[in-house]
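Understanding the architecture of this molecule
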Amino acid sequence: MKKTLIIAEAGVNHNGDIKLAEKLIDVAAEAGVDYVKFQTFKANKLVTKNAKRAEYQDSNTNNNDSQFEMLKKLELSQNDHHHLIEYCKNKKVKFLSTGFDFDSVDFLYNIGVRLAKIPSGEITNLPYLRKVASLFPEVILSTGMADITEVKDAVEVLVNEGVDKNKITVLHCNTEYPTSMKDVNLKAMLHIKKEVEVNIGYSDHTLGVEVPVGAVTLGAEVIEKHFTLDRSMEGPDHRASLEPRELKLMVDSIRNIEKALSGSGVKEPSESEKKNIDIVRKSIHVLKDFREGEIIKESDLVTLRPNAGISPMNWHDVIGKKIKSKVNSGEPLKWENIYE
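Residues numbered from 1 in each chain as written. Predicted model: local features only at pLDDT ≥ 70, side-chain atom pairs only at ≥ 80, totals over all residues. Heavy atoms only, no water.

**A few points about the pattern of salt bridges**
Our working definition: Take a side-chain nitrogen of Lys or Arg and a carboxyl oxygen of Asp or Glu: if they are within 4 Å of each other, that pair is a salt bridge. Only DSSP runs of H or I reaching four residues or more are called helices, and only runs of E reaching two or more are called strands; each is numbered from the N terminus. Under the scheme applied here, a residue whose accessible area is under 20% of the maximum for its type counts as buried, over 50% as exposed, and between as partly exposed, the area being computed with a 1.4 Å probe on protein chains only.
Summed over the entire model, instances satisfying the criterion amount to 22 salt bridges. A salt bridge links Lys-19 to Glu-22; its shortest N-O distance comes to 3.7 Å. Taken together, the residues span about one helical turn, with Lys-19 and Glu-22 both in helix H1 (residues 18–31) at a distance of 3 residues. Residue classification places Lys-19 among the exposed residues on the basis of a relative accessible area of 51%. For the salt bridge of Glu-271 with Lys-274, the shortest nitrogen-to-oxygen distance reads 2.8 Å.

In structure tokens:
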């Protein structure tokens, strides 16, 4: 099975503090993820100054800041980006970030990022999609709030602008933070694969690790999941994020599921369990001493471990047969003991 690409979404959970961002990278590297992802934006190019906050941002943040004010505090500077890229290199984990505006997209490309992560909110932003496609050879597209027609349209734009369709991965997603289990609709990921014919994955905002692990069993090639140092921290995304121990659990669980899915797909005994066949299975044993010429009756037989004689599946084939050689009570009945 192809290794699942795991993106640990630090997002804005650094709260604008570069030292906190470093600690998030430490956690992601320790968990064994492939990428740790941040967000690149300038608040004045992302929202108007009077834009309302989302309901989840209100409930997850204990202040009265506008969305603009909230985001302004969460910006990372260009120097911050360079520092975090180097920090990721030292920790042997890949750096990734989502650019939310044209300047941010250009900046990420200019500093060497070649994988674009398009957030759900930009799926209907035609100029943005064209901009990303003009620069990046590989794209991951989140689809929260979108229907299948909008997904198809976005992918068509990317392909028409030059992105190889085989280099596009579409992530099923729900943008409620946190997402309730009843709203996950995980099989929609398979609907995307069937209708759009792209690589698929899942960007998760549920609490816990079950759903992303389940997505891997359904064929997700990319998993994205928010994480934080502490869910009780102030900020819009902390409460729908995994804490360090949970992130490690998710990664380990996904890697174990990959191993579990890596078999031949044919129902057959594994090499490791073949040694157990004769120990665990039963065979036909006799309940009395038999001498040559005696007729076998059903009441003379029992099935017991070990599997050292005739299979119980041949139960009716031996009843009424004549004994050919001596068999003592408690011994397994073998084909050489009877006349066929």
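Structure shown, so let's carry the discussion forward.
**What about the sheet that holds strand S6 (residues 168–173)?**
Rule in force here: Any two strands are treated as partners once DSSP identifies two or more bridges connecting them. To define axes, lines are fitted to C-alpha atoms, for helices over the stretch in contact only, and angles between the resulting N-to-C directions are given on a 0 to 180 degree scale. Residue contacts are defined here by distance: any two heavy atoms, one from each residue, within 4.5 Å place the two residues in contact.
Taken in spatial order, the 8 strands line up as S3-S2-S1-S8-S7-S6-S5-S4 in an open sheet, and their pairing is parallel. Among the strands making up the open sheet, the edge pair consists of strand S3 (94–99) and strand S4 (115–118). Strand after strand, the sheet turns through a mean of 25° between neighbouring axes, direction not considered. Sheet topology note: the S4/strand S5 (residues 138–142) ladder contains 4 bridges and is parallel. Bridging from a neighbouring strand, Ile-118 pairs with Leu-141 of S5. Here helix H6 (residues 126–135) sits on the sheet and contacts S3, S4 and S5; the angle it forms with S4, its principal contact strand, is near 165°. The strands touched by helix H10 (residues 244–260) within the sheet are strand S1 (5–11) and strand S8 (222–226), with S1 carrying the most contacts at an inclination of about 165°.

**Thoughts on helix H5 (residues 102–110)**
What counts is decided by this rule: As used here, the arc belongs to the directions running from the helix axis to the C-beta atoms. Whenever a nitrogen or oxygen atom comes within 3.5 Å of another N or O atom, the pair is scored as a polar contact, on the condition that within protein one atom can donate a hydrogen and the other can accept it, and that pairs from neighbouring residues in sequence are kept only if both atoms are in side chains.
Listed in full, the buried residues belonging to H5 are Ser-104, Val-105, Phe-107 and Leu-108. With its buried residues spanning 160° around the axis, H5 presents them on a single face. Of the surrounding elements, those touching the buried residues of H5 are strand S2 (35–40), helix H4 (78–91), S3 and H6. Among the residues of H5, the N-terminal cap falls to Asp-101, whose side-chain oxygen and the backbone nitrogen of Asp-103 are separated by 3.2 Å.

**Here's the deal with the packing of aromatic side chains**
Convention followed: Side-chain rings of Phe, Tyr and Trp (the six-membered ring for Trp) are treated as a pair once their centres are within 6.5 Å; stacked means planes under 30 degrees apart, edge-to-face means over 60, and tilted covers the remaining angles. Here, a charge over a ring is recorded when the distance from Lys NZ or Arg CZ to the ring centre is within 6 Å and its angle to the ring normal is within 35 degrees.
Counted by the stated rule, this structure contains 3 aromatic pairs. Ring plane angle 90° and centroid distance 6.1 Å describe the contact between Phe-41 and Phe-100, whose orientation is recorded as edge-to-face. With Phe-41 in the loop between S2 and helix H2 (55–60) and Phe-100 in the loop between S3 and H5, the pair connects residues that are 59 residues apart, well separated along the chain. The ring of Tyr-109 is capped by Arg-114, whose NZ or CZ atom sits 3.7 Å from the centre of that ring. The aromatic ring of Phe-290 is capped on one face by Lys-288, whose charged end is 4.9 Å from the ring centroid.

**Regarding H10**
Basically, it comes down to this: By definition here, a helix of n residues has an expected span of 1.5 Å times n minus one.
Between the first and last C-alpha of H10 there are 24 Å, a value that for 17 residues agrees with the 24 Å anticipated at 1.5 Å per step. Of the positions making up H10, those classed as buried are Glu-246, Leu-247, Met-250, Val-251, Ser-253, Ile-254, Arg-255 and Glu-258. Turning to H10, the residues buried within the fold contact S1, H1, helix H9 (210–217) and S8.

**Considerations on the pairing of S3**
Burial within S3 is extensive, with 5 of its 6 residues counted as buried. Where S2 and S3 come together, 6 bridges link them in parallel fashion. If you follow Tyr-35 over to S3, its bridge partner there is Lys-94.

**Regarding the packing of H6 against helix H7 (residues 148–160)**
Rules: For classification purposes, angles smaller than 35 degrees are called roughly parallel, those larger than 145 roughly antiparallel, those between 65 and 115 roughly perpendicular, and all remaining angles oblique. The sense of a crossing depends on the near helix, which, turned anticlockwise from the far helix by less than a right angle, makes the crossing left-handed and, turned clockwise, makes it right-handed.
Where H6 meets H7, the closest approach of the two axes is 8 Å, and the angle between their N-to-C directions is 40°. On the basis of the axis angle, H6 is oblique to H7. Crossing handedness for the pair H6 and H7: right-handed. Touching Leu-126, Leu-129, Arg-130 and Ala-133 of H6 are Ala-154, Val-157 and Leu-158, all from H7.

**Points about the environment of Arg-245**
By secondary structure assignment, the location of Arg-245 is in helix H10. As a C-alpha pair, Arg-245 and Gly-208 span 37 residues in sequence and 11 Å in three-dimensional space.

**Examining the nonpolar core**
Heads up, the rule is: By convention a nonpolar core is built from buried Ala, Val, Leu, Ile, Met, Phe, Trp, Tyr and Cys residues, the set being connected through side-chain atoms within 4.5 Å.
Core analysis: the biggest nonpolar cluster contains 70 residues, and Val-33, Val-36, Phe-38, Phe-227 and Leu-247 have the highest contact counts within it. A per-element tally of this core places H1 first, with 6 residues. Dropping the residues within four chain positions of it, Val-36 is found in contact with Ala-8, Ala-10, Ile-25, Ala-28, Cys-88, Val-93, Lys-94, Phe-95, Leu-96 and Phe-227. Grouped together as the second largest cluster of nonpolar side chains are 12 residues, Ile-284, Val-286, Ile-296 and Ile-310 included.

**Let's talk about the packing of H5 against H6**
For any two helices packed against each other, one specifies the inter-axial angle together with the distance between the axes. Their axes nearest at 10 Å, the elements H5 and H6 cross at an angle of 10°. Put simply, H5 runs roughly parallel to H6. The residues of H6 that touch H5, namely those facing Phe-102, Val-105, Asp-106 and Tyr-109, are Pro-127, Tyr-128, Lys-131, Val-132 and Leu-135.

Spatial relationships are all this shows, so hold off on functional conclusions.
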